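Okay, here's what each chain looks like letter by letter:
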Amino acid sequence: MIAFVSGPVAALGPASAVIEVGGVGMLVQCAPAVLAGLKVGEHGRLATSLVVREDSLTLYGFADDDERTTFELLQTASGIGPKVAQAMLAVHRPDALRIAVQRGDVKTLTAVPGIGPKGAQKLLIELKDKLGAPTGAVPAQQHAVLSSGPAPWQDQLHAALVGLGFAPREAEDAVAAVAPEAETQEKTDVSALLRSALRTRNRTR
């Protein structure tokens, strides 16, 4: 089990980062808000979870241990693989998911692309005794500033939406729809903009 990776950020992509560890570049799959807290050439530390398949080894990265633990717990529910679990954490912070499960909030779960009302109801039942109570913790990287790095927030948000099931044109429209919100933020919060973009899609259904 690789619990975390720590070292210089060698590269950033729309959905991944490369962290140099002992002269080896570790490719880590990350949500947009996590990538927003990293900058090429600077030191980065990510909590990680290694997903082993017959034909692949995939390392997923998170802002902190709470996100990683939640990612792993989500996958104990039937039908939830690593990509859907990561999508859930891209849309909602761990505490938001805990509160949704406590309250039986179907609407919160269906905000995640790929989860319908029936699937949400099933998840609420399966996760009821697994996620625990809200901790009140907010990962610092969720509110990280997007600097003049290789990917502006528009590109990161567009890539995240496409990865979550939007058509490219749909993603462009969603990015444009949340641009006024981004302009009002002192610090660009990609996670908040992603949630807003997903709500715009739900309103147009």
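Check the entry above for the structure.
As the structure is a computational prediction, the values presented were derived from the model and not from experiment.

Q: Go over the overall build of the chain with me, naming the residues and quoting the values.
A: If you tally the helices and strands in the chain, you get nine helices and five strands. What you see in the chain, going N to C, is helices and strands ordered as β-β-β-α-β-β-α-α-α-α-α-α-α-α. Among the 205 residues that make up the chain, the fraction classed as buried is 45%. Excluding contacts between residues fewer than 6 apart, the proportion of contacts in the chain whose partners are at least 24 apart in sequence is 56%. Of the roughly 10,300 Å² of accessible surface on the chain, a fraction of 54% belongs to carbon and sulfur atoms.

Q: Outline the sheet that holds strand E4 (residues 43–53), supporting the account with residue identities and numerical values.
A: In any sheet, the strands associate via hydrogen bonds between backbone groups, in a parallel or an antiparallel arrangement. With mixed pairing, the five strands of this closed barrel are ordered in space as E1-E2-E3-E5-E4. Going across the sheet, the axis of each strand differs from the next one's by a mean of 55°, ignoring polarity. Where E4 lies against strand E5 (residues 56–62), seven bridges are found, and the strand directions are antiparallel. Across the sheet, residue valine 52 finds its bridge partner in E5, namely leucine 57. In the packing of helix H3 (residues 82–91) onto the sheet, contacts are made with strand E3 (24–29), E4 and E5, and the angle to E5 comes to roughly 10°.

Q: Account for the packing of aromatic side chains, naming residues and giving values.
A: Scanning the model with the defined rule gives two aromatic pairs in all. Between tyrosine 60 and phenylalanine 71, the aromatic rings sit 5.2 Å apart at their centres with planes inclined by 40°, giving tilted as the arrangement. Residue tyrosine 60 is found in strand E5, and its partner phenylalanine 71 is found in helix H2 (residues 65–74); the two are separated by eleven residues along the sequence. An identical accessibility class is assigned to tyrosine 60 and phenylalanine 71; each is buried. Centre to centre, the rings of phenylalanine 62 and phenylalanine 71 are 4.8 Å apart; their planes meet at 45°, and the pair counts as tilted. Aromatic rings pair up to connect Tyr60, Phe62 and Phe71 into one cluster. In this arrangement the basic side chain of arginine 45 is found over the ring face of phenylalanine 4, its NZ or CZ atom lying 4.0 Å from the centre.

Q: Summarise the packing of H2 against helix H4 (residues 94–103); cite the residues concerned and give the values.
A: Viewed as axis vectors pointing N to C, H2 and H4 meet at an angle of 45°, and their least axial separation amounts to 10 Å. Classified by the interaxial angle, the pair formed by H2 and H4 is oblique. Two secondary-structure elements touch here, H2 through Asp66, Glu67, Thr70 and Leu74 and H4 through Pro94, Leu97 and Arg98. In terms of residue class, the contact of H2 with H4 is made up of three nonpolar, one polar and three charged.

Conventions we followed
- Within each chain, residue numbers correspond to sequence positions counted from 1 in written order.
- pLDDT decides what is reported in this predicted model: residues at 70 or higher carry local features, side-chain atom pairs at 80 or more are listed and counted, and totals for whole chains, interfaces and linings draw on all residues regardless.
- With hydrogens and water set aside, each side-chain value is computed from the structure's full complement of heavy atoms.
- In this description a helix means any DSSP run of H or I spanning at least four residues, a strand means any run of E spanning at least two, and both kinds are numbered starting from the N terminus.
- For every residue, the accessible area obtained with a 1.4 Å probe (protein chains only) is divided by the maximum for its type, and the residue is called buried under 20%, exposed over 50%, and partly exposed between those limits.
- Residue contacts are defined here by distance: any two heavy atoms, one from each residue, within 4.5 Å place the two residues in contact.
- The method behind every accessible area is Shrake-Rupley, applied with a 1.4 Å probe, and residues are considered shielded solely by the protein chains displayed.
- By the convention used here, strands pair only if DSSP detects at least 2 bridges between them.
- An axis is simply a line fitted to the C-alpha atoms; with a helix, the fit covers only the stretch in contact. Between two such axes, the angle follows the N-to-C directions and lies from 0 to 180 degrees.
- Two rings belonging to Phe, Tyr or Trp (six-membered ring only in the last case) form a pair when the distance between their centres is within 6.5 Å. Interplanar angles under 30 degrees mark stacking, angles over 60 mark edge-to-face geometry, and anything in between is tilted.
- For a ring to carry a charge above it, either NZ of a lysine or CZ of an arginine must fall within 6 Å of the ring centroid while also lying within 35 degrees of the normal to the ring plane.
- Throughout, the term roughly parallel applies to angles under 35 degrees, roughly antiparallel to angles over 145, roughly perpendicular to angles from 65 to 115, and oblique to all others.
- When residues are sorted by character, Ala, Val, Leu, Ile, Met, Phe, Trp, Tyr, Cys and Pro go into the nonpolar class, Asp, Glu, Lys and Arg into the charged class, and all the rest, Gly among them, into the polar class.

Remember that the coordinates give geometry; whether it matters functionally is a separate question.
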